[in-house]
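Close look at the chain arrangement
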Amino acid sequence: MSYQSIYESWLKDERLTEEERKELQAIAKNETEKEYRFGGELEFGTAGMRGLIGAGMNMMNVRTVMRATQGLSEYVKTLGKDAMQRGVVISYDTRRNSRLFAEKAAGVLAKNGIKAYLFDRVHPVPMLSYAVRYLGTVAGIMITASHNPKEYNGYKVYGEDGAQMSPEATEIVVKFIEKITDYLSVTAEEKSPLIHAVPAEVDDTYIEKLSRLTLSKEAVEKCGKNLKLVYTPVHGSGYVPVTRILKKLGINVTIVEEQTKEDPEFSTVKVPNPEFKETLAMGIALANKIQADVVFGTDPDSDRLGVAVKDDKGEFKALSGNQVGILLLDYILTRLKEENALPKNAAVVKSFVTTGMAKAICDEFGVTLFEVPVGFKFIGEKIKQWEQSGKYEYVFGFEESCGYLRGTHARDKDAVVASMLCAEMVCYYSYIGKTVYQRLQEIYKKYGYVLDLNVSIQYSGLNAMKEMNAVVDALKTERVEKLGAFAVDAVRDYSASVRKLANGKTETIDIPKCNCVYYELAGGSFVCVRPSGTEPKLKIYYSVKAADEAKAYACLEEVQSSVAALLEHAKH
């Protein structure tokens, strides 16, 4: 069936609302728009689904949300009556239609005889993950498009362990979803005794759990009330829990009031992504005005934390996710060791695209470092694995994309606990007479300077994902001996679980498969190329080790030039 035929069949369908009909009538003469909306289906993968908001099969709307929830409902029903009674908990952030999508999901579950817990207001990803575990539900749904532009929304599914649903379970759910070819056939109950409010105790116990993870109580007591910390929730769901945990610890917080409003347009920022310094601009302006020490910003679903600190010139510098990660890693291991609380079998987990400096720090403390594919669910899987086997004790996990987790209360990135830890880290260094920026320079001096950079190449159109994957596939056939001034020691093809050394020998990689090519460079540097799983971007990760910052930037420029030529060749 052509996209034109599907478009016309939707337009004529009596089950369509008047609002939906008007939206589709408005694109009657726009073939590009019609093809995008009806030439494919919104893909449901291990990260759920994410897309532009609007009517159509390839868009985020009540029809695609209800269809996905019907597929999840069919899966839950296969698990038996107990699973249906345990139910599914649903949360949502401040994006367009997030509350509506959450209500529709609850209504579909109820119509299938499955208990649904629905938060009464916006709550972040980590609190949804925690709620799954606390309430003992069989699954969780989070309505969010994380840090994407305002035009997007998304739908993430969590398993009973609080981590994003496993690839195996997702595959079953997808098969059920694909059986539903009539998008307008799925309906939801408006009201049902099976739909319950999430108990207030979930919030209270979550905050209590976090407060037990503090590492520098004395330093916080001495310095917390005098700390000048500026925080912005960037119109997202972090406002209440972040301010609540900081106030509970006695840490002084100044809020960017204009950005506390739950604004689905995110009208004060270009993109609600705290990875970018521009997103923290209002926070930095306020910090300069009140002579603050540090600036925090969280994204709409509050799983990512952006941080800006003063450098040695007194100017605010936005730290990268890798820099915050190594600062937290160093701080956590330092404090655990100082308190004689560092487990002998301590383990840290990071994604393989995250800074190479993590290994040097873990080696210094005698801690085992594990690498996993991109996606925090893989860090969650390690936590679950070690809880069952007892072989290692999880102490910290992080990704370069501003995602951090200490504790096992949640199984996803947690910007609330990260805010707490970063705030007390500032207090700790202030207590011993230094700044966070000074500590970062000490780390570079001790382990060598590592420059980490993430570059994204934007793709568009219906075939964006196919085109990106084709580029990565082409790279696998290219023989690469050198990138910039660095020799290529080995190439990892994660889709085939193979590591090929420069001498031609091959080794098997014991890690979940994904479409990604990773170049190991001489001296501990690396370059990695992968298509994003959540947005139409080809991502290139650079981690360049050098004697100092200037040399690192010079080396990076050469490597980037080599990679650009390599990608150009791969396209043809």
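Cut-offs used in this document
Along each chain, residue indices are assigned from 1 in the same order as the chain's sequence is written. Two thresholds apply to this predicted model, a pLDDT of at least 70 for residue-level local features and 80 or more for giving and counting side-chain atom pairs, whereas whole-chain, interface and lining totals are computed over all residues. For side-chain calculations, the full set of non-hydrogen atoms in the structure is used, while hydrogens and water are omitted. Segments assigned H or I by DSSP are reported as helices when at least four residues long, segments assigned E as strands when at least two residues long, and all are numbered from the N terminus. Just to be clear, the radius of gyration here is over C-alpha atoms, and the globule rule we use is 2.2 Å times residues to the power 0.38. Buried means the residue's accessible area, taken with a 1.4 Å probe over protein chains only, is under 20% of the maximum for its type, while exposed means over 50%, and partly exposed covers the values in between. Whether two residues are in contact is decided by their heavy atoms, any of which lying within 4.5 Å being enough. Residue exposure ignores everything except the shown protein chains as possible cover, and the areas themselves are Shrake-Rupley values with a 1.4 Å probe. Counted as positive: Lys and Arg. Counted as negative: Asp and Glu. His and the chain ends are not counted at all. The atoms used to mark charge sites are NZ of Lys, CZ of Arg, CG of Asp and CD of Glu. Note: two strands are recorded as paired if DSSP finds a minimum of 2 bridges between them. A fitted line through C-alpha atoms represents every axis, and for helices the fit uses only the stretch in contact; the resulting angles, taken between N-to-C directions, go from 0 to 180 degrees. Between N or O atoms, a polar contact is any pair within 3.5 Å; within protein, one atom must be a potential hydrogen donor and the other a potential acceptor, and residues adjacent in sequence are included only when both atoms are from side chains. Helices are assigned an expected span. That span is 1.5 Å times one less than the residue count. For classification purposes, an angle smaller than 35 degrees is called roughly parallel, one larger than 145 roughly antiparallel, one from 65 to 115 roughly perpendicular, and anything else oblique. As a working rule, the residues Ala, Val, Leu, Ile, Met, Phe, Trp, Tyr, Cys and Pro are called nonpolar, Asp, Glu, Lys and Arg charged, and the rest polar, with Gly in that last group.

Examining the overall build of the protein chain
Looking only at helices and strands, the protein chain has 19 helices and 23 strands in total. At 24 Å, the protein chain has a C-alpha radius of gyration in line with the 25 Å of a compact globule built from 572 residues. For the C-alpha atoms alone, the extent of the protein chain along its principal axes is close to 70 × 55 × 50 Å. The buried share of the protein chain, taken over its 572 residues, is 57%. Across the protein chain, contacts joining residues at least 24 apart in sequence account for 69% of those joining residues at least 6 apart. For the protein chain, the exposed surface amounts to about 23,600 Å²; the carbon and sulfur share of it is 48%. Side chains of the protein chain carry 74 positive and 77 negative charges; the gap between the two charge centres is 2 Å.

Some words on the sheet that holds strand 8 (residues 253-255)
Here we have five strands laid out as an open sheet, ordered 8-7-9-10-11, and mixed in their pairing. Whereas interior strands pair on both sides, the edge strands pair on one side only; in this sheet they are strand 8 and strand 11 (316-318). In this sheet, neighbouring strand axes are inclined to one another by 25 degrees on average, regardless of whether the strands run parallel or antiparallel. Direction of pairing for strand 7 (residues 229-232) relative to strand 8: parallel, over a ladder of three bridges. Its bridge partner lying in strand 8, Val230 is registered against Thr254. Along the sheet, helix 11 (residues 239-249) makes contact with strand 7, strand 8 and strand 9 (294-298), crossing strand 7 at roughly 160 degrees.

Quick look at the side chain of Ser525
Mapped onto the fold, Ser525 is located in the loop between strand 21 (517-521) and strand 22 (526-531). Within polar-contact distance, the side chain of Ser525 engages the backbone nitrogen of Lys545 at 2.8 Å. In this structure, Ser525 is in contact with Phe486, Tyr519, Glu520, Ser543, Val544 and Lys545, ignoring residues within four places of it in sequence.

Regarding helix 4 (residues 62-78)
Residues spaced three or four apart along an α-helix face the same direction, because each turn holds 3.6 residues. An ideal rise of 1.5 Å per residue puts 24 Å on 17 residues; helix 4 measures up with 24 Å between its terminal C-alpha atoms. The buried fraction of helix 4 amounts to 14 of the 17 residues, a majority that puts the element mostly inside the structure. In the stretch just after helix 4, Gly80 is the one whose phi turns positive, near 105 degrees.

Description of the packing of helix 13 (residues 321-338) against helix 14 (residues 357-365)
When two helices pack together, their arrangement is given by the angle between their axes and by how far apart the axes lie. Between helix 13 and helix 14, whose axes approach to 10 Å, the crossing angle comes to 5 degrees. Classified by the angle between their axes, helix 13 and helix 14 sit roughly parallel to one another. Residues Ile326, Leu329, Asp330, Leu333, Thr334 and Lys337 of helix 13 pack against Met357, Ala358, Ile361, Cys362 and Phe365 of helix 14. In terms of residue class, the contact of helix 13 with helix 14 is made up of eight nonpolar, one polar and two charged.

By themselves, these are just geometric observations and shouldn't be taken as functional.
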